[in-house]
Amino acid sequence: LTIEDTVLPTPYGTSGKGQLSSIEEGKGKMRAALNARTDTNLMIFGRTAALQISSLDDAIERLRAYEATGVDALFISGVKSHEQVVALHAALSLPMVFGAAAPAVVNDRAFLASHGVRACLQGHLPYMAAIQAVQDCMAALRNGTLPEDIAGLAPAALLKRVTNAEQVDKNAGDWLGA
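Residues numbered from 1 in each chain as written. Predicted model: local features only at pLDDT ≥ 70, side-chain atom pairs only at ≥ 80, totals over all residues. Heavy atoms only, no water.

1. Considering the nonpolar core
Threshold: Side-chain atoms within 4.5 Å are what join buried Ala, Val, Leu, Ile, Met, Phe, Trp, Tyr and Cys residues into a set we call a nonpolar core. Burial classes: relative accessible area under 20% of the type maximum marks a residue as buried, over 50% as exposed, and values in between as partly exposed (1.4 Å probe, protein chains only). Runs of H or I in DSSP of at least four residues are treated as helices and runs of E of at least two as strands, each being numbered from the N terminus. For this analysis, residues touch if any pair of their heavy atoms sits within 4.5 Å.
Counting 34 residues, the largest nonpolar core has Ile76, Val79, Val85, Leu88, Leu92, Phe98 and Leu112 as the members making the most contacts within it. A total of 5 residues in this core trace back to one element, the largest contributor, which is helix 3 (residues 56-69). Residues within four places of Ile76 in sequence aside, it is in contact with Thr48, Leu51, Leu63, Leu88, Leu92, Met96, Val97, Phe98 and Gly99.

2. So, unusual backbone geometry
For the peptide bond that leads from Leu8 to Pro9, omega is -10 degrees, which places it in the cis range. Structurally, Pro9 can be placed in the loop between strand 1 (2-4) and helix 1 (23-36). Positioned with a positive phi, Asn164 is a non-glycine residue whose angle comes to about 55 degrees. Tracing the chain through its elements places Asn164 in the loop between helix 8 (156-162) and helix 9 (165-176).

3. Here's the deal with a nonpolar patch on the surface
Quick note on the threshold: For patches, a residue must show more than 30% relative accessible area and have no salt bridge; joins then use 9 Å for like charges and 5 Å for nonpolar side chains, namely Val, Leu, Ile, Met, Phe, Trp and Tyr. Accessible surface area values rest on a Shrake-Rupley calculation with a 1.4 Å probe, where residue burial reflects the displayed protein chains alone. Here, a salt bridge means any side-chain nitrogen of Lys or Arg that lies within 4 Å of a carboxyl oxygen of Asp or Glu.
Residues Leu125, Tyr127, Met128 and Ile131 make up a contiguous nonpolar surface patch of roughly 450 Å² in combined accessible area. Its location among the elements puts Leu125 in helix 7 (residues 125-142).

4. Some words on the sheet that holds strand 5 (residues 117-120)
We count it as follows: Pairing between two strands is assigned when DSSP locates at least 2 bridges connecting them. Between N-to-C directions, angles span 0 to 180 degrees; the directions come from axes that are lines fitted to C-alpha atoms, helices contributing only their stretch in contact.
Across the sheet, 5 strands lie side by side as 1-2-3-4-5; this open sheet has parallel pairing. Every other strand in the sheet has two partners, leaving strand 1 and strand 5 as the edge strands with one partner each. Strand-to-strand twist in this sheet, taken as the mean axis angle between neighbours without regard to direction, amounts to 25 degrees. For strand 3 (residues 73-77) and strand 4 (residues 96-99), the ladder comprises 4 bridges, and the chain directions are parallel.

5. Considering the pattern of salt bridges
Going through the model one piece at a time under the given rule, you end up with 5 salt bridges. Ionic pairing is found between Lys27 and Glu24, a salt bridge with its closest N-O pair at 3.1 Å. With a gap of 3 residues between them, Lys27 and Glu24 both fall in helix 1, about one helical turn apart.

6. Some details on the packing of helix 1 against helix 3
Under the convention used in this document: Between 65 and 115 degrees an angle is taken as roughly perpendicular, under 35 as roughly parallel, over 145 as roughly antiparallel, and anywhere else as oblique. We call a crossing left-handed when the near helix sits turned anticlockwise from the far one by less than a right angle, and right-handed when that turn is clockwise.
Running from N to C, helix 1 and helix 3 point in directions that differ by 30 degrees, and their axes come no closer than 9 Å. Between helix 1 and helix 3, the crossing angle belongs to the class labelled roughly parallel. As for how helix 1 packs across helix 3, the hand of that crossing is right-handed. Taken together, the residues of helix 3 that come into contact with helix 1 (itself represented by Ile23, Gly26, Lys27, Met30, Arg31 and Leu34) are Glu61, Arg62, Ala65, Tyr66 and Thr69.

7. Looking at the side chain of Asp58
Just so we agree on the cut-off: Here a polar contact means two N or O atoms within 3.5 Å. Within protein one must be a hydrogen donor candidate and the other an acceptor candidate, and residues neighboring in sequence count only if both atoms are side-chain atoms.
With respect to the helices and strands, the residue Asp58 is situated in helix 3. Overall, the relative accessible area of 15% leaves Asp58 in the buried class. One polar contact links Asp58 to Ser54, side chain to side chain, over a distance of 2.5 Å. Discounting residues that sit within four places of it in the chain, Asp58 has contacts with Leu20 and Ala50.

8. Looking at the pairing of strand 2 (residues 45-48)
Here 3 bridges tie strand 1 to strand 2, and the two strands are oriented parallel to one another. Within the sheet, the bridge partner assigned to Ile3 lies in strand 2 and is Gly46. Looking at chain direction, strand 2 and strand 3 are connected through 4 bridges and run parallel. Across the sheet, the residue bridging to Arg47 is Phe75, located in strand 3.

Here it is as structure tokens:
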């Protein structure tokens, strides 16, 4: 779960990179999320877009403050250079996740791993691939392809694993007597 310090929704009439809330507001939202957490498996990440909106120094100040709240990790968007990664790693102690990072940074996985980065998102590619697959499937059906002739479908075992079917069946039995 990421708790971010970006003003959302974007205020009417503003354009460009967005706006940041105050550090105190960001810390308050993170403390509230930590206080409300009941599932010990839920990880809470302090998130900032300060690298995109303000500066490296501001990002580090914010991230240090968010570390102090007790979040589990830090989510940073807008990393553009190896030098920024080095500076972030030197200033912070929690694991980092990058979003919207420059391709030259994303593709240097050994460097990222050695500098405290545990994941580096590369856009919404799985979501976009899923949309394309749904579009292709619907078009094929509309154009007369029989359901059994649709290519690229997930096998039953994968579907059961991804949907956690075993647990769903158990819960249905426990809760519904099914």
